[in-house]
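One letter stands for each residue in the lines below.
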Amino acid sequence: MANEAIKENGNWGGIVTAAEWERRKLFVGFSESDEAILRELHIIARTYADQVMEELYAHWLKFEELKTFFTDASVLERVKKLQKQYFVRLTSGNYDVEYMQDRLRIGTIHRRIGLTPRWYMGAYATYMQIVFPRILAAFEYDRNKAKLAINALVKIISLDQELALVAYFNV
């Protein structure tokens with residue numbers, strides 16, 4: 001199972017090396033300045049994380065295919081808590097090998113529970129629709145900073161999606 005994958009020579013389960021992770025970040029243009037702006041966004045993300053979770057799940061639970069994962073209220077609350085941690089970590093400013101391993105683990109869990117990539121990828125569209133207006137409002141005093149924050153978030157989301165898909169199809 002993914003949670004028991006063994007790191008060998010910088011690999012996570014033989015999927016992605018630390019060097020490859022750095023190369024992937026370079027490819028999408030994810031830089032130290034992106035990390036810095038995301039760290040600045042972190043405080044803002046923590047402030048509205050609960051609201052974002054409520055809006056996300058209100059939308060997602062409109063779909064029968066997703067409701068099947070949350071037939072028990074305690075499971076729904078536990079997953080919301082984990083999702084909030086995931087969301088807040090997007091803006092942590094630390095995107096090292098441990099971050100990469102966590103994202104691969106999440107992709108593997110989604111595969112194991114039967115959440116198809118279609119729903120996983122679509123979920124990010126909901127994230128962005130809910131979060132981007134908040135970023136624009138938070139940085140309304142500086143449109144350039146808002147643009148930089150949104151670009152940085154898009155880059156890390158793209159990297160997260162790619163890692164999850166690697167886990168879906170290679171584990």
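Residues numbered from 1 in each chain as written. Predicted model: local features only at pLDDT ≥ 70, side-chain atom pairs only at ≥ 80, totals over all residues. Heavy atoms only, no water.

**A closer look at the pattern of salt bridges**
Right, on to step 1. For the structure on display, the rule yields 14 salt bridges.
Right, on to step 2. Among the ionic pairs, Lys 84 bridges to Asp 50, the shortest N-O distance being 2.8 Å. Of this pair, Lys 84 sits in helix α4 (residues 73-89) while Asp 50 sits in helix α2 (residues 32-60); the two residues are 34 residues apart in sequence, bridging distant segments of the chain.
Right, on to step 3. The partly exposed category is assigned to Lys 84, whose relative accessible area is 28%. (Salt bridge = Lys/Arg side-chain N within 4 Å of Asp/Glu carboxyl O. Helix = DSSP H or I, 4+ residues; strand = E, 2+ residues; numbered from the N terminus. Buried < 20%, exposed > 50% of the residue type's maximum accessible area, 1.4 Å probe, protein only.)

**Points about the nonpolar core**
Right, on to step 1. Core analysis: the largest hydrophobic core is formed by 51 residues, its most contacted members being Leu 38, Tyr 48, Phe 87, Tyr 127, Ile 135, Leu 153 and Ile 156.
Right, on to step 2. When contributions to this core are tallied by element, the ones reaching two or more residues are α2, α4, α5 (97-113), α6 (117-138) and α7 (143-170).
Right, on to step 3. Looking at this core, the element that brings in the most residues is α7, giving 13 residues.
Right, on to step 4. Residues within four places of Ile 156 in sequence aside, it is in contact with Phe 30, Leu 38, Leu 90, Tyr 95 and Tyr 99. (Core = buried A, V, L, I, M, F, W, Y, C linked by side-chain atoms within 4.5 Å. Contact = heavy atoms within 4.5 Å.)

**Some details on α2**
Right, on to step 1. For α2, spanning 29 residues, the distance from its first C-alpha to its last is only 33 Å, which falls clearly below the expected 42 Å at 1.5 Å a residue.
Right, on to step 2. Its maximal kink placed at Tyr 48, α2 deviates by approximately 55 degrees. (Expected span 1.5 Å × (residues − 1). Bend = angle between axes of the 7 residues up to and from the residue.)

**Examining helix α1 (residues 18-28)**
Right, on to step 1. For α1, every residue scored as buried is listed here: Trp 21, Arg 24 and Lys 25. Down the axis, α1 shows its buried residues gathered within 100 degrees of arc, on one side only. Exposed and facing more than 90 degrees away from the buried side of α1 are Ala 19, Arg 23, Leu 26 and Phe 27.
Right, on to step 2. Residues of α1 that are buried in the fold lie against β3 (16-17), α2, α5 and α7.
Right, on to step 3. Gly 29 lies just past α1 and shows a positive phi near 80 degrees. (Arc of directions from axis to C-beta.)

**Description of the side chain of Gln 161**
Right, on to step 1. Assignment of secondary structure puts Gln 161 in helix α7.
Right, on to step 2. Setting aside residues no more than four positions away along its own chain, Gln 161 makes contact with Tyr 120, Met 121 and Tyr 124.

**Quick word on the packing of α2 against α6**
Right, on to step 1. The N-to-C vectors of α2 and α6 enclose an angle of 140 degrees; their axes lie 10 Å apart at closest approach. When the axes of α2 and α6 are compared, the pair comes out oblique. Here α2 and α6 pass one another in a crossing that is right-handed. Two secondary-structure elements touch here, α2 through Leu 41, Ile 44, Tyr 48, Gln 51, Val 52, Met 53, Glu 55, Leu 56, His 59 and Trp 60 and α6 through Ala 123, Thr 126, Tyr 127, Ile 130, Val 131, Arg 134, Ile 135 and Ala 138.
Right, on to step 2. Along the lines of polarity and charge, the residues of the contact of α2 with α6 split into 13 nonpolar, three polar and two charged. (Axes fitted to C-alpha atoms, helices over the stretch in contact; angles between N-to-C directions. Parallel < 35°, antiparallel > 145°, perpendicular 65-115°, else oblique. Left-handed = near helix turned anticlockwise from the far one by under 90°. Nonpolar A, V, L, I, M, F, W, Y, C, P; charged D, E, K, R; others polar.)

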